[in-house]
Amino acid sequence: MRLPAGVVARSWHRMPPVLGLSWVFGLWACASDGAFDGDVGAEPVGQSDRLMGDEAPAERAGLGFTSAGLLERAGPVGGERASRAEADRVVREFWAVAGERGVPGEAWTFDYQAHGGALTLLSFRRMAAGREASATGDWNGFSRELTRSLSTLVGTKSRRLRFTLERGPERWRFNLETVSGRLAEQARTVPESLPGVSQPLLSDALVVARQLLPASGVPREGRVRQQARLHFEGMRLLQESEPGVFEVQEGLGRQEVPASGDPRMPLVQAVLPFGHAVGRRTVEVELEGLHVRGEAGARWRVVAARMLESPAPQEAMEDIAKEYRAMHEDILRHWRQEVREDARLAGAWSFEQLAYWYVGGFIARGTLGMFEAVAPTVVAVLGRGGAKAAQWFRTVLIRTPPGEREALQRIWMKAEAEGVAALGVGEKAELQSLLRDMEQRLRKPLQSKYEKDKLREWARQEYFQVLQPRLARTLGPDLMATYPVHHLVPLEYAHLFPLRNINASGNLVGVSREVHMGINSVWNLVRRSPRSVSASEVDEVARITRKHFGQWFHVVYDPSKSAVALSSAQKAALREAEALLGL
């Protein structure tokens, strides 16, 4: 849901402090599936062990997303130590690409996106080739000054940074400047102490390097150039590259010489740093093969690489792209730290965050077709994308047993981190089974008190925080505590409308106790019907209640002015409902 400018545009967002968090998170939305007096006495969430048995700490804290699409968190992440680790890693990347094999006269530029202390490599390029004289790199001299000062120089401000490295006769000289450019979508936003290269990513890089090298060989005392595009998904490098232009720049027609050593390693070392970005991304690389007179073999080196700008998000993703990206980054962070099966991970995110993640992931990865045969309703709603689909899916997740939620999270985390292709046959079958069970559950009445109470709680948050914040301020905490939020189509009939979000804004109205009791009398009449009511009849009863009680929706009720009119409205609504149902 998007709101006008100046209004916090996040449903399920935190209540402004003036309303009192304890009131918001401890109150229910009335679902009209029983007498109102019974709902008033319900025990608040946060005080019942039975209700909170499988609830994540993040959900109990009401955490979701900030207005900028960043994750709200129960605790801090990153920090000064992580920022220092980021700077140390950048120095190692400089060394792997340029410093170790650099010769006097060489010059390189490296562009990074800085965000909150996190540093993501965007591109590098050799600007000057230098003299082709042998030189041995000195890691200690190279790293000493940079490692000590880089984290302080970089800071935490969001900006693009350009590092220039120039190799003098004795040592490297460095320069740092800020350059223009929009915030890279693939950039991380949270600094972290990244572990060493994962074995899967290293294996991927070796396979791709074998495909590209040695291109068509290097002429004796000659030079060749090879371009290629590589594709990353999450933490993995896809093992299918796109070779581009190959040209012989020097030594045309001369005898070709083999590469010295393992020609793959310079390419591997150059592309591995791009594995620290997020999302799907394409990296364009330019390789140089060079044979120097007197040397037995040719040298291979990546002399330029850049991460291509990501395309604009699909239309179905436009209003949740930032939220999904934040969740994806969090997944990769946990995955890199190997927090995969830990119980802490299962409780790290709220239902809101998970819903945005699943909807965004299913669409971004084009996987909905996998489930269409077993879960057509789920596919139909999620395929629309956006915040409304995420809101709907949150109500589906709350109806999913904890064990199934954890299984879904486990499998989809792997798909996010390593790509859908990394899922085994058994995992894909389990994923389809989980979606099939969700589909079947949509057409069964809500039974669990925990599920219904949670839906009521979310409805209250949505109503007072997003839909009617002005009314919330008018009521104040004390009066708001006794002010029901009513579902026009009650929760007990949600299974008749599987495509609808029972907590959608159009189904929520705020009414006083007196008005709500009048509406409940109409639904109690429906419940006494000797036959089951149809979806169309439920819709019609909801229309009747809206018609006769609508003047008291979203307002402070004054019994001195409205008691007589309310009594007449109740009688008229009952007569109309009786006629509809043939009672």
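Residues numbered from 1 in each chain as written. Predicted model: local features only at pLDDT ≥ 70, side-chain atom pairs only at ≥ 80, totals over all residues. Heavy atoms only, no water.

**Overview of the overall build of the protein**
And then number 1: The helix and strand inventory of the protein stands at 19 helices and 13 strands.
And then number 2: Burial statistics for the protein: of 583 residues in total, 55% are counted as buried.
And then number 3: Across the protein, every contact between residues at least 6 apart in sequence was considered, and the portion connecting residues at least 24 apart equals 75%.
And then number 4: When the accessible surface of the protein is totalled, it reaches about 25300 Å², and 51% of it is carbon and sulfur. (Helix = DSSP H or I, 4+ residues; strand = E, 2+ residues; numbered from the N terminus. Buried < 20%, exposed > 50% of the residue type's maximum accessible area, 1.4 Å probe, protein only. Contact = heavy atoms within 4.5 Å. Areas by Shrake-Rupley, 256 points an atom, 1.4 Å probe, with all protein chains shown as cover.)

**Focus on the environment of Gln409**
And then number 1: Following the sequence through the fold, Gln409 ends up in helix H13 (residues 402-418).
And then number 2: Separated by 22 residues in the primary sequence, Gln409 and Leu431 place their C-alpha atoms 9.9 Å from one another.

**Topic: unusual backbone geometry**
And then number 1: Phi is positive for Glu221, which is not a glycine, with a value near 55°.
And then number 2: Here Glu221 shows up in the loop between strand E5 (218-219) and strand E6 (223-233).
And then number 3: Note on Glu221: relative accessible area 28%, which makes it partly exposed.
And then number 4: Notably, His554 is not glycine yet its phi reads approximately 65°, a positive angle.
And then number 5: Of note, His554 is situated in the loop between helix H18 (535-549) and helix H19 (559-581).

**Observations concerning the side chain of Thr545**
And then number 1: Tracing the chain through its elements places Thr545 in helix H18.
And then number 2: A relative accessible area of 0% places Thr545 in the buried class.
And then number 3: At 2.7 Å, the side chain of Thr545 forms a polar contact with the backbone oxygen of Ala542.
And then number 4: Apart from residues no more than four positions distant in its own chain, Thr545 is found in contact with Leu488, Ile519, Val522, Trp523, Gly550 and Phe553. (Polar contact = N/O pair within 3.5 Å; in protein donor to acceptor, adjacent residues only side chain to side chain.)

**Here's the deal with the environment of Trp139**
And then number 1: By the secondary structure assignment, Trp139 is in helix H5 (residues 139-154).
And then number 2: Residue Trp139 is classed as partly exposed on the basis of its relative accessible area of 33%.
And then number 3: Each residue touching Trp139, except ones within four places of it in the same chain, is listed here: Val91, Arg92 and Trp95.

**Focus on the packing of aromatic side chains**
Both the distance between ring centres and the angle between the ring planes are used here to describe each pair of aromatic rings.
And then number 1: Applying the stated rule across the entire model yields 20 aromatic pairs.
And then number 2: Relative to Trp458, the ring of Phe351 has its centre 5.6 Å away and its plane inclined at 65°; by these criteria the two rings are edge-to-face. Of this pair, Phe351 sits in helix H10 (residues 351-364) while Trp458 sits in helix H15 (residues 449-467); the two residues are 107 residues apart in sequence, bridging distant segments of the chain. Trp458 carries the same exposure label as Phe351, and that label is buried.
And then number 3: Aromatic rings pair up to connect Trp349, Trp357, Tyr358, Phe362, Phe371, Trp392, Phe393 and Trp412 into one cluster.
And then number 4: When the ring centre of Trp458 is taken as reference, the NZ or CZ atom of Arg394 above it lies at 3.8 Å. (Phe/Tyr/Trp six-rings, centres within 6.5 Å; stacked < 30°, edge-to-face > 60°. Lys NZ or Arg CZ within 6 Å of the ring centre and 35° of its normal.)

**Considerations on H15**
And then number 1: Over its 19 residues, H15 runs 25 Å from end to end, which matches the ideal 27 Å to within 8%, given 1.5 Å per residue.
And then number 2: Of all 19 residues making up H15, 17 are buried, and the element is well covered by its neighbours.
And then number 3: Sitting at the amino-terminal end of H15 is Ser448, which places a side-chain oxygen 3.2 Å from the backbone nitrogen of Tyr450. (Expected span 1.5 Å × (residues − 1).)

**Overview of the side chain of Gln353**
And then number 1: In this structure, Gln353 sits in helix H10.
And then number 2: When its relative accessible area of 1% is taken as the criterion, Gln353 is described as buried.
And then number 3: Within the structure, the side chain of Gln353 is placed 3.1 Å from the backbone nitrogen of Ser350, a separation counted as a polar contact.
And then number 4: Setting aside chain neighbours within four positions, we find Gln353 in contact with Leu63, Gly64, Phe65, Leu71, Glu72, Met327 and Ala348.

**Observations concerning the confidence of the model for the protein**
And then number 1: Within the protein, residue pLDDT values average 84, and 86% of them lie at 70 or more.
And then number 2: pLDDT under 50 marks residues 1-53. Its contacts with residues more than four places away, or in other chains, come to 136 contacts. (pLDDT = per-residue confidence, 0-100.)

**Focus on the nonpolar core**
And then number 1: Core analysis: the biggest nonpolar cluster contains 86 residues, and Trp357, Tyr358, Val378, Phe393, Leu397 and Phe549 have the highest contact counts within it.
And then number 2: In terms of residue count, the dominant contributor to this core is H10 (nine residues).
And then number 3: Residue contacts for Leu397: discarding those within four places in its chain leaves Phe351, Leu354, Ala355, Tyr358, Arg405, Leu408 and Met438.
And then number 4: Membership of the second largest hydrophobic core comes to 53 residues, among which are Leu146, Leu161, Ala228 and Leu272. (Core = buried A, V, L, I, M, F, W, Y, C linked by side-chain atoms within 4.5 Å.)

**As for the pattern of salt bridges**
And then number 1: Enumeration over the complete set of coordinates arrives at 41 salt bridges.
And then number 2: The shortest N-O distance in the salt bridge between Asp111 and Arg162 comes to 2.7 Å. Here the residue Asp111 occupies a position in strand E1 (residues 106-115), and Arg162 occupies one in strand E3 (residues 159-167), the gap between them amounting to 51 residues.
And then number 3: The class for Asp111 is buried, based on a relative accessible area of 11%.
And then number 4: For Arg162, a relative accessible area of 30% puts it in the partly exposed group.
And then number 5: Note that Arg280 and Glu233 form a salt bridge whose closest N and O atoms lie 3.7 Å from each other. Remark: Glu233 occurs in strand E6 and Arg280 occurs in strand E10 (residues 280-290); sequence separation between them is 47 residues.
And then number 6: With relative accessibility at 47%, the residue Arg280 sits in the partly exposed group.
And then number 7: Assessed through its relative accessible area of 9%, Glu233 is described here as buried.
And then number 8: Several salt bridges converge on common partners, so that one network encompasses Glu86, Arg89, Glu93, Arg188, Glu192 and Arg336. (Salt bridge = Lys/Arg side-chain N within 4 Å of Asp/Glu carboxyl O.)

**A look at the packing of helix H12 (residues 386-398) against H15**
And then number 1: The N-to-C vectors of H12 and H15 enclose an angle of 155°; their axes lie 10 Å apart at closest approach. It follows from the interaxial angle that H12 and H15 lie roughly antiparallel. The element H12 and its partner H15 pack so that their crossing is right-handed. For the pair H12 and H15, contact is made by Gln391, Arg394, Thr395 and Ile398 and by Tyr450, Glu451, Lys454, Leu455, Trp458 and Glu462, respectively.
And then number 2: Tallied by class, the residues present in the contact of H12 with H15 amount to four nonpolar, two polar and four charged. (Axes fitted to C-alpha atoms, helices over the stretch in contact; angles between N-to-C directions. Parallel < 35°, antiparallel > 145°, perpendicular 65-115°, else oblique. Left-handed = near helix turned anticlockwise from the far one by under 90°. Nonpolar A, V, L, I, M, F, W, Y, C, P; charged D, E, K, R; others polar.)

**Let's talk about helix H14 (residues 425-441)**
And then number 1: Between its terminal C-alpha atoms H14 stretches 25 Å, which fits the 24 Å expected from 17 residues at 1.5 Å a residue.
And then number 2: When H14 is considered as a whole, its buried residues turn out to be Glu427, Leu431, Leu434, Leu435, Met438, Glu439 and Arg441.

**A word on the pairing of strand E11 (residues 299-307)**
And then number 1: Across the nine residues that make up E11, a large majority, seven, are buried.
And then number 2: Sheet topology note: the strand E2 (residues 118-129)/E11 ladder contains three bridges and is antiparallel. From the neighbouring strand, Arg125 faces E11, where its bridge partner is Ala304.
And then number 3: Where E10 meets E11, eight bridges bridge the pair, whose relative direction is antiparallel. For Gly289, the partnering residue across the bridge sits in E11 and is Trp300. (Pairing = 2+ DSSP bridges.)

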